[in-house]
Amino acid sequence: MTKVALITGITGQDGTYISKLLLDKGYVVHGIKRESSTTRIEDNNKEKKNVNLHFHFCDMTDYSKIIRIIQDVCPDEIYNLAAQSSVHTSFDRPEYTAEINSLGTLHLLEAIRTLGLEKKTKLFQACTGEIFGNSLETPQNENTPFRPQNPYAVSKLYAYWICVNYREAYDMFVCNGIMFNHESPIRPDSFVTRKITKAAVRIKKGFQEKLYLGNLNAKRDWGFAGDYAEAMWLMLQQDKPDDYVIATGETHSVKDMVEFAFREVGIEIEWEGEGLDKKGINAGTGEVLIEVDPQFYRPIESSLFVGNPSKAREKLGWVPRVNFEELVKMMVKNDLELVKC
Ligand code: NDP
Ligand code: GDP
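Fair warning: this is a prediction, and the values are worked out from it, not measured in the lab. (Residues numbered from 1 in each chain as written. Chains lettered and ligands numbered in written order. Predicted model: local features only at pLDDT ≥ 70, side-chain atom pairs only at ≥ 80, totals over all residues. Heavy atoms only, no water.)

Attention shifts here to the packing of helix α3 (residues 63-73) against helix α5 (residues 94-114). Viewed as axis vectors pointing N to C, α3 and α5 meet at an angle of 50 degrees, and their least axial separation amounts to 9 Å. In this view, α3 runs oblique relative to α5, as classed from their interaxial angle. Considering only the axes of α3 and α5, their crossing is right-handed. Residue-level contacts link Y63, I66, I67 and I70 of α3 to H107, L108, E110, A111 and T114 of α5. Taken together, the residues of the contact of α3 with α5 break down into six nonpolar, two polar and one charged. (Axes fitted to C-alpha atoms, helices over the stretch in contact; angles between N-to-C directions. Helix = DSSP H or I, 4+ residues; strand = E, 2+ residues; numbered from the N terminus. Parallel < 35°, antiparallel > 145°, perpendicular 65-115°, else oblique. Left-handed = near helix turned anticlockwise from the far one by under 90°. Contact = heavy atoms within 4.5 Å. Nonpolar A, V, L, I, M, F, W, Y, C, P; charged D, E, K, R; others polar.)

In structure tokens, the structure reads:
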């Protein structure tokens, strides 16, 4: 029997990767997309028209539309990826963030229950390593206490618990993927990795003079989005629903990311100064290429993030295939091609 999947947030980075993975596996894929969305998934997937790919206009705040879509589509699997996914924006728009990330998730759970699909429809919830916040434990695993440090993380923690609650109360197949940062060539440049790879290429080609960044010492566990899409799918293929940390287990600083990306375009970066006065200098020419701008700092920064993906490795057989260096190379290569066009 052909499986049917519904993906919320299909126009985003992860929506693009999971829809491609599911279409390749022969699924019929339905995607929820906002009318205002400017992203064309067909372009990202390089598939002009796929007969197994269908779109439904809907906003995650619109419960009555969500319930009608689920009734029509009757999905075997739902991947809930729609979110206000920026930590930085969540400080400015905490209520909006909660409406989409927390209540949007509740809308899906309620729709499944109300339609009597508890035994048919499995739900993957895109949770985040940000729920560990300023954790006292490193690396973080499924048993690490949650200490969220920003409105985004708090909104995702509500979604995490409501998923656990519906799984336990109504015996529904619901999984939280507690995913650490994952990037790709289609990551928007509002996130630091893509901001850096794009800037490295633009500076090399003479289209940009400098790159302004926030906290250069911040560390993240950065993986490749394609690998994380596979983990999402694997969770829904198990006999029992559960929650899994999805991470690489390695951590790098923003400063490391800058060095790797600029090296890829043939520029060695040397650092001078400290704190707000820290500068990244082109070792070959002496030009200052990177400066710190306080506007990119957060009111409060989550501490060292590094996930322990042992449970996913043991139970799902999941291992990340792309390491940090390969990820940076892939992103820079893509940005070099875009500049050529
Ligand atoms: P993106 O920001 O790239 O995509 C978010 C998607 O949500 C977009 O398709 C966007 O649509 C959609 N969306 C936003 N608001 C609404 C709304 N009100 N109604 C309907 N759709 C909406 O995120 P990613 O693909 O990177 O992440 C996918 C999920 O995984 C998110 O939930 C994110 O929080 C979570 N996550 C991501 C991590 C990462 O490092 N990438 C790490 C941990 C968790 P539109 O095109 O209209 O803007
Ligand atoms: P996040 O982990 O989901 O918030 O992903 P981001 O890519 O937005 O940020 C990753 C880390 O990079 C955070 O610790 C930021 O504080 C840090 N950072 C440093 N400079 C910048 C910047 O200019 N933009 C962004 N987005 N993050 C920055």
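Here we take up the site of ligand 1. As a structural note, the neighbourhood of ligand 1 is formed by 26 residues, with T11, S37, S85, Y152 and K156 the closest of them. Within the backbone of Q13, one N or O atom sits 3.1 Å away from an oxygen atom of ligand 1. Contact between ligand 1 and A83: an oxygen atom at 3.1 Å from a main-chain N or O atom of the residue. Contact with the protein chains covers 91% of the free accessible surface of ligand 1, which is 890 Å². Looking at the shell around ligand 1, the elements with two or more residues in it are α1 (13-24), β5 (122-128) and α6 (151-170). It is β5 that provides the largest number of residues to the shell around ligand 1, a total of three residues. (Near = heavy atom within 4 Å. Polar contact = N/O pair within 3.5 Å; in protein donor to acceptor, adjacent residues only side chain to side chain. Areas by Shrake-Rupley, 256 points an atom, 1.4 Å probe, with all protein chains shown as cover.)

Residue position: E183 is located in strand β7 (residues 182-183). According to the relative accessible area criterion, E183 is buried, its value standing at 1%. A distance of 2.4 Å separates the side chain of E183 from the side chain of T193, its partner in a polar contact. The residues contacting E183, other than those within four sequence positions of it, are Q13, F191, T193, W222, G223, F224, A225, L327 and M331. (Buried < 20%, exposed > 50% of the residue type's maximum accessible area, 1.4 Å probe, protein only.)

Before going further, it helps to examine the sheet that holds strand β2 (residues 28-33). Strand order across the open sheet formed by seven strands is β3-β2-β1-β4-β5-β6-β11, with parallel pairing between neighbours. In this open sheet, the two edge strands, each paired with only one partner strand, are β3 (53-57) and β11 (244-246). Ignoring strand direction, the axes of neighbouring strands in this sheet form an average angle of 20 degrees. Where strand β4 (residues 77-80) and β5 come together, four bridges link them in parallel fashion. Residue pairing for β5: N80 is matched across the bridge by Q125. Packing of α3 onto the sheet brings it into contact with β1 (4-8), β2, β3 and β4, and relative to β3 it is tilted by some 155 degrees. Most of the contacts of α6 go to β5, to which it runs at about 150 degrees, and overall it touches β5 and β6 (174-179). (Pairing = 2+ DSSP bridges.)

According to the domain assignment, the chain contains domain 1 (4-184 + 223-249 + 304-321) and domain 2 (192-217 + 253-302 + 332-338). Its largest share of buried area at the contact with domain 2, domain 1 owes to H88, F91 and Q149, together 58% of the area lost on that side. On inspection of domain 1 and its partner domain 2, the count reaches zero salt bridges. Summed over the shared surface of domain 1 and domain 2, the number is one residue pair in polar contact (both at pLDDT 80 or more). (Domains from an automatic or database assignment. Buried area = accessible area lost by both parts, 1.4 Å probe. Salt bridge = Lys/Arg side-chain N within 4 Å of Asp/Glu carboxyl O.)

What follows is about the environment of F91. Position of F91 among the secondary structure elements: in helix α4 (residues 87-92). Measuring from C-alpha to C-alpha, the distance between F91 and Y152 comes to 7.8 Å, with 61 residues separating the pair along the chain. Among residues more than four places away in sequence, those in contact with F91 are Q149, N150, P151, R298, P299 and I300.

Moving on, we come to the side chain of N215. Positionally, N215 belongs in the loop between β8 (211-213) and β9 (219-220). In terms of polar contacts, N215 uses its side chain to reach the backbone amide nitrogen of N217, at 2.9 Å. Residues in contact with N215, not counting those within four places in the same chain, are V254, Y297 and E301.

Helix length check: α1, at twelve residues, gives a terminal C-alpha distance of 17 Å against a target of 16 Å (1.5 Å per residue), a fit within 8%. In terms of residue burial, α1 counts as a mostly covered element, since nine of its twelve residues are buried. (Expected span 1.5 Å × (residues − 1).)

Taken together, 16 residues are adjacent to ligand 2, and V192, K195, G214, R298 and E301 come closest. Contacts to ligand 2 include N181, whose side-chain N or O atom sits 2.9 Å from an oxygen atom. In this structure, R298 approaches ligand 2 through a side-chain N or O atom, which is 2.6 Å from an oxygen atom. Contact with the protein chains removes 95% of the 530 Å² of surface that ligand 2 exposes when unbound.

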